[in-house]
Amino acid sequence: MTRGNKRKGGGAEARALDDVGGAHVMSWVIAIMLFLTLLTAAAGLATAQAAGALDRQMAGRLTVQIVEGEAQRRDAAAARVLAVLRGQSDVARATPVPQADLARMLQPWLGSDAAAAELPVPALIDVDLDSDGGDAVRRVTAAVTQASAAARVDSHATWLGPVGRLLDTAAWLAGGMILLMLGATAAVVMLAARAGLEAHRGTIEVIHMLGATDRQVARLFQRRIALDAGIGAGVGSVLAAVAIWIVARQVGALESQLLGGLTLGARDLAMLVALPLGFVALAVLAARLAVLAQMRRML
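Parameters at a glance
- Residues numbered from 1 in each chain as written.
- Predicted model: local features only at pLDDT ≥ 70, side-chain atom pairs only at ≥ 80, totals over all residues.
- Heavy atoms only, no water.
- Helix = DSSP H or I, 4+ residues; strand = E, 2+ residues; numbered from the N terminus.
- Contact = heavy atoms within 4.5 Å.
- Areas by Shrake-Rupley, 256 points an atom, 1.4 Å probe, with all protein chains shown as cover.
- Core = buried A, V, L, I, M, F, W, Y, C linked by side-chain atoms within 4.5 Å.
- Buried < 20%, exposed > 50% of the residue type's maximum accessible area, 1.4 Å probe, protein only.
- Pairing = 2+ DSSP bridges.
- Axes fitted to C-alpha atoms, helices over the stretch in contact; angles between N-to-C directions.
- Salt bridge = Lys/Arg side-chain N within 4 Å of Asp/Glu carboxyl O.
- Patch = residues over 30% accessible without salt bridge, like charges linked within 9 Å, V, L, I, M, F, W, Y side chains within 5 Å.
- Expected span 1.5 Å × (residues − 1).
- Bend = angle between axes of the 7 residues up to and from the residue.
- Arc of directions from axis to C-beta.
- Lys, Arg positive; Asp, Glu negative; His and termini not counted.
- Polar contact = N/O pair within 3.5 Å; in protein donor to acceptor, adjacent residues only side chain to side chain.
- pLDDT = per-residue confidence, 0-100.

### Some remarks on the overall build of the protein
Here is step 1: The number of helices and strands found in the protein is nine helices and four strands.
Here is step 2: Reading the protein from its N terminus to its C terminus gives the helix and strand order α-α-β-α-β-α-β-α-β-α-α-α-α.
Here is step 3: Long-range pairs, those at least 24 residues apart, make up 88% of the contacts in the protein between residues at least 6 apart in sequence.
Here is step 4: Of the accessible surface of the protein, which amounts to about 17,200 Å², a share of 63% is contributed by carbon and sulfur atoms.

Encoded structure:
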């Protein structure tokens, strides 16, 4: 057989193995799995970003409450505490929250007549520390309580810590789900490759009699799987991109400080773009391994 005849025969063999006589189910399987994987990856990466942003917001942040029923005593205690805070070396910034802002925040619960009813509202002071160490928090707390017995110090890390741990857990779960879907995709591709081998057993035997090796036959199946995986990856990527864009717009419209951290950086977007390529490479590798293993048992 001449070199030209080998090339011609290889093309005929490829067409024989490619002729499956129906829609390429593998393309739809890859599209669905990649769509779900991209959504899960985007959610996991955005959640990890939100957890990091929350940690940065909580680090070294305190809120001081002056709980005093009489307004004049409350304001006097707030002034003393503010002076003490601004004199502390551990404090980078201490800012009193205006009473008008507090009344506006309480209005959904107390109604518009809350100010007229002269209900007692505590004074609040936002504090930023130079460091987020526990020693600095203890020193500031001791100085504040010494300045006023009515003062209460709340660390943001204390009451937002469970939220941060929940976000971290969700991000890890998303990573675990991605690994499971990659494994499921590889298993489906291997099953499809084995089914294709069984469907073309007669053709493969003829190709072997013509002198083709196992690796050459495996390359024919790899090409078919790569084409189907590429089509599925393209469809799944487009659908996932549309879904992620819609969700991102809705999250941005909420204008929430917590949900505002659910963003994707340049590195996150690069990882999402690489996922479809990884899916195609995984499908080709799984098909090759399955075909070579099956052919050793068949022939």
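On we go from here.
### Some remarks on the nonpolar core
Here is step 1: Judged by nonpolar contacts, the single largest core of 33 residues is most densely connected at Val-189, Leu-272 and Val-291.
Here is step 2: Residue assignment for this core shows that the elements contributing at least two residues are α2 (25-58), α6 (156-199), α7 (201-209), α8 (214-254) and α9 (266-298).
Here is step 3: Here this core takes 10 residues from α9, the largest share from any one element.
Here is step 4: In this structure, Val-64, Val-140, Val-144 and Ala-151 belong to the second largest nonpolar core, which totals 19 residues.

### Considering the sheet that holds strand β2 (residues 91-96)
Here is step 1: The strand order across the open sheet built from four strands is β2-β3-β1-β4, with neighbouring strands paired in antiparallel fashion. Each of the sheet's edge strands pairs with one partner strand only, and the pair in question is β2 and β4 (151-155). Going from strand to strand, the sheet's axes swing by 20° on average, the running direction of each strand aside.
Here is step 2: Two strands pair when backbone bridges link them, and strand β1 (residues 61-66) and strand β3 (residues 123-129) are joined in this way by six bridges, in the antiparallel orientation.

### Structural notes on the pattern of salt bridges
Here is step 1: For the coordinates displayed, the defined rule picks out five salt bridges.
Here is step 2: Asp-90 serves as the salt-bridge partner of Arg-139, at 2.8 Å between the closest nitrogen and oxygen. Within this pair, whereas Arg-139 is found in helix α5 (residues 134-147), its partner Asp-90 is found in the loop between α3 (71-86) and β2, the two being separated by 49 residues in sequence.
Here is step 3: Looking at Asp-90, the relative accessible area reads 13%, which means it is buried.
Here is step 4: For Asp-228, the salt bridge is made with Arg-224, and the minimal N-O distance between the two is 3.0 Å. Separated by four residues within a single helix, Asp-228 and Arg-224 lie in helix α8, roughly one turn from each other.

### Some remarks on the pairing of β1
Side chains on a regular strand alternate between the two faces of the sheet.
Here is step 1: Two strands pair when backbone bridges link them, and β1 and β4 are joined in this way by five bridges, in the antiparallel orientation. Across the sheet, residue Gln-65 finds its bridge partner in β4, namely Arg-152.

### Concerning a nonpolar patch on the surface
Here is step 1: Taken together, Trp-28, Ile-32, Leu-36, Leu-227, Ile-231, Val-235 and Leu-239 make up a surface patch of nonpolar side chains, about 660 Å² in accessible area.
Here is step 2: Those elements that provide at least two residues to the nonpolar patch are α2 and α8.
Here is step 3: No other element matches the four residues that α8 contributes to the nonpolar patch.
Here is step 4: Relative to the helices and strands, Leu-36 is located in helix α2.
Here is step 5: Overall, the relative accessible area of 38% leaves Leu-36 in the partly exposed class.

### Observations concerning the environment of Val-67
Here is step 1: The residue Val-67 is located in the loop between β1 and α3 in this model.
Here is step 2: Taking the C-alpha atoms as reference points, Val-67 and Leu-124, 57 residues apart in sequence, are found 9.0 Å from one another.
Here is step 3: Among all residues touching Val-67, those that are not within four sequence positions of it are Pro-122, Ala-150 and Arg-152.

### Things to note about α6
Here is step 1: If you check α6, its first and last C-alpha atoms are 64 Å apart, about what 44 residues at 1.5 Å a residue would give, namely 64 Å.
Here is step 2: Of all bends in α6, the biggest is about 35°, found at Pro-162.

### Quick notes on the side chain of Thr-37
Here is step 1: Relative to the helices and strands, Thr-37 resides in helix α2.
Here is step 2: Residues contacting Thr-37, with those up to four places away along its chain left out, are Ile-178, Met-181, Leu-275 and Phe-279.

### Some remarks on α3
Here is step 1: The end-to-end C-alpha separation of α3 is 22 Å, in line with the 22 Å expected for 16 residues at 1.5 Å each.
Here is step 2: Considered for burial, the residues of α3 that qualify are Arg-74, Ala-77, Ala-78, Val-81, Leu-82 and Leu-85. Here the buried residues of α3 occupy an arc of 140° about the axis, which is enough to place them on one side. In α3, the exposed positions that point more than 90 degrees away from the buried face belong to Gln-72 and Ala-83.

### Focus: the side chain of Asp-268
Here is step 1: Within the secondary structure, Asp-268 is located in helix α9.
Here is step 2: Although Asp-268 lies buried, it forms no salt bridge, and the closest oppositely charged side chain, Arg-267, sits 4.8 Å away as judged by the N-O distance.
Here is step 3: Within the structure, the side chain of Asp-268 is placed 2.7 Å from the side chain of Gln-49, a separation counted as a polar contact.
Here is step 4: Those residues in contact with Asp-268, other than ones at most four positions away along the chain, are Leu-45, Gln-49 and Thr-263.

### Section: the confidence of the model for the protein
Here is step 1: The predicted model of the protein averages 78 in pLDDT, with 80% of residues at 70 or higher.
Here is step 2: pLDDT under 50 marks residues 19-23. Its contacts with residues more than four places away, or in other chains, come to two contacts.

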